[in-house]
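Fold and geometry: a report
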Amino acid sequence: MILFVGDYVRMVNEDHWLQIKEIHFHDHLPENNTMTLSDGYVCPAPVDKYIEEFRSENEHMEAIAAEVREQEERAAPTADKWEENYYADAVHHAEASQY
């Protein structure tokens, strides 16, 4: 696993993503490196043991954009749903005005 400052990681048993802010080199062995994450946590060595998933900053931004698009599509009423709601409101108002 090759990680860079700016990459994002999801730790084992966690749902949220954190950005790598610093990588601390302790000697010539990569398995002895530690890293500081965006929430201030310093991940102990070996970091591979604690990371469930990782992605580059670009991959992370693309994934967030895709999630936002999906949420907007789900929240946006379709033409059929808008028409159904419009007629339901019209019927409700017509029935209410009869009383």
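Figured I'd write up the structure that's included with this text.

The rules we used
- Throughout, a residue's number is its position along its own chain's written sequence, starting from 1.
- Per-residue local features of the predicted model are confined to residues with pLDDT of at least 70, and side-chain atom pairs are confined, for both listing and counting, to 80 or more; whole-chain, interface and lining totals are unaffected and use all residues.
- To obtain the side-chain values, all non-hydrogen atoms of the structure were used and water was disregarded.
- Pairs were defined over the aromatic rings of Phe, Tyr and Trp, the Trp ring being its six-membered one, requiring ring centres within 6.5 Å. Orientation was assigned from the angle between planes: stacked under 30 degrees, edge-to-face over 60, tilted for the rest.
- Each ring is checked for a lysine NZ or an arginine CZ that lies within 6 Å of its centre and within 35 degrees of its normal; such an atom marks a charge sitting over the ring.
- Think of a nonpolar core as a cluster: buried Ala, Val, Leu, Ile, Met, Phe, Trp, Tyr and Cys residues, connected wherever their side-chain atoms sit within 4.5 Å.
- Exposure is judged per residue with a 1.4 Å probe applied to protein chains only, and the accessible area is read against the type maximum: over 50% gives exposed, under 20% gives buried, and values in between give partly exposed.
- A run of H or I in DSSP counts as a helix once it spans at least four residues, and a run of E counts as a strand once it spans at least two, with each numbered from the N terminus.
- Whether two residues touch is decided by their heavy atoms; if any such pair falls within 4.5 Å, the residues are in contact.
- Note: two strands are recorded as paired if DSSP finds a minimum of 2 bridges between them.
- To define axes, lines are fitted to C-alpha atoms, for helices over the stretch in contact only, and angles between the resulting N-to-C directions are given on a 0 to 180 degree scale.
- By definition here, a salt bridge exists when the distance from a side-chain nitrogen of Lys or Arg to a carboxyl oxygen of Asp or Glu is within 4 Å.

Considerations on the packing of aromatic side chains
To describe a pair of aromatic rings, you give the distance between the ring centres and the angle between the ring planes. Applying the stated criterion across every chain yields a total of zero aromatic pairs. Between Arg 55 and the ring centre of Trp 17, over which it is positioned, the NZ or CZ distance is 3.7 Å.

Some details on the nonpolar core
Counting 10 residues, the largest nonpolar core consists of Leu 3, Val 9, Met 11, Leu 18, Ile 20, Met 35, Leu 37, Cys 43, Val 47 and Ile 51. Those elements giving two or more residues to this core turn out to be β1 (8-11), β2 (18-24) and β3 (34-37). When sequence neighbours within four positions are dropped, the list of residues in contact with Val 9 reads Leu 3, His 16, Trp 17, Leu 18, Ile 20, Met 35, Leu 37, Ile 51, Glu 53 and Phe 54.

Considerations on the pairing of β3
Alternating positions in β3 separate into two faces, Thr 34 and Thr 36 on one and Met 35 and Leu 37 on the other, with burial throughout. Two strands pair when backbone bridges link them, and β2 and β3 are joined in this way by four bridges, in the antiparallel orientation. Bridge assignment links Ile 23 to a residue of β3, and that residue is Met 35. When β3 meets strand β4 (residues 42-43), the two strands line up antiparallel, connected through two bridges. Each residue of the ladder has a partner; that of Met 35, found in β4, is Cys 43.

Some remarks on the sheet that holds β2
Taken in spatial order, the five strands line up as β4-β3-β2-β1-β5 in an open sheet, and their pairing is antiparallel. Either end of the sheet is taken by a strand with one partner, and the two such strands are β4 and β5 (51-55). Relative to β5, helix α1 (residues 57-75) is tilted by about 90°, and along the sheet it contacts β1, β2 and β5.

Description of the pattern of salt bridges
This structure, assessed with the given rule, holds one salt bridge. Arg 10 is the partner of Glu 53 in a salt bridge, and the nearest nitrogen-oxygen pair spans 3.0 Å. A residue pair is termed long-range when its members are at least 10 positions apart, and Glu 53 in strand β5 and Arg 10 in strand β1 qualify at 43 residues.

Here's the deal with the side chain of Arg 10
With relative accessibility at 17%, the residue Arg 10 sits in the buried group. With residues up to four places along the chain from it excluded, the contact list for Arg 10 reads Asp 15, His 16, Trp 17, Ile 51, Glu 52 and Glu 53.

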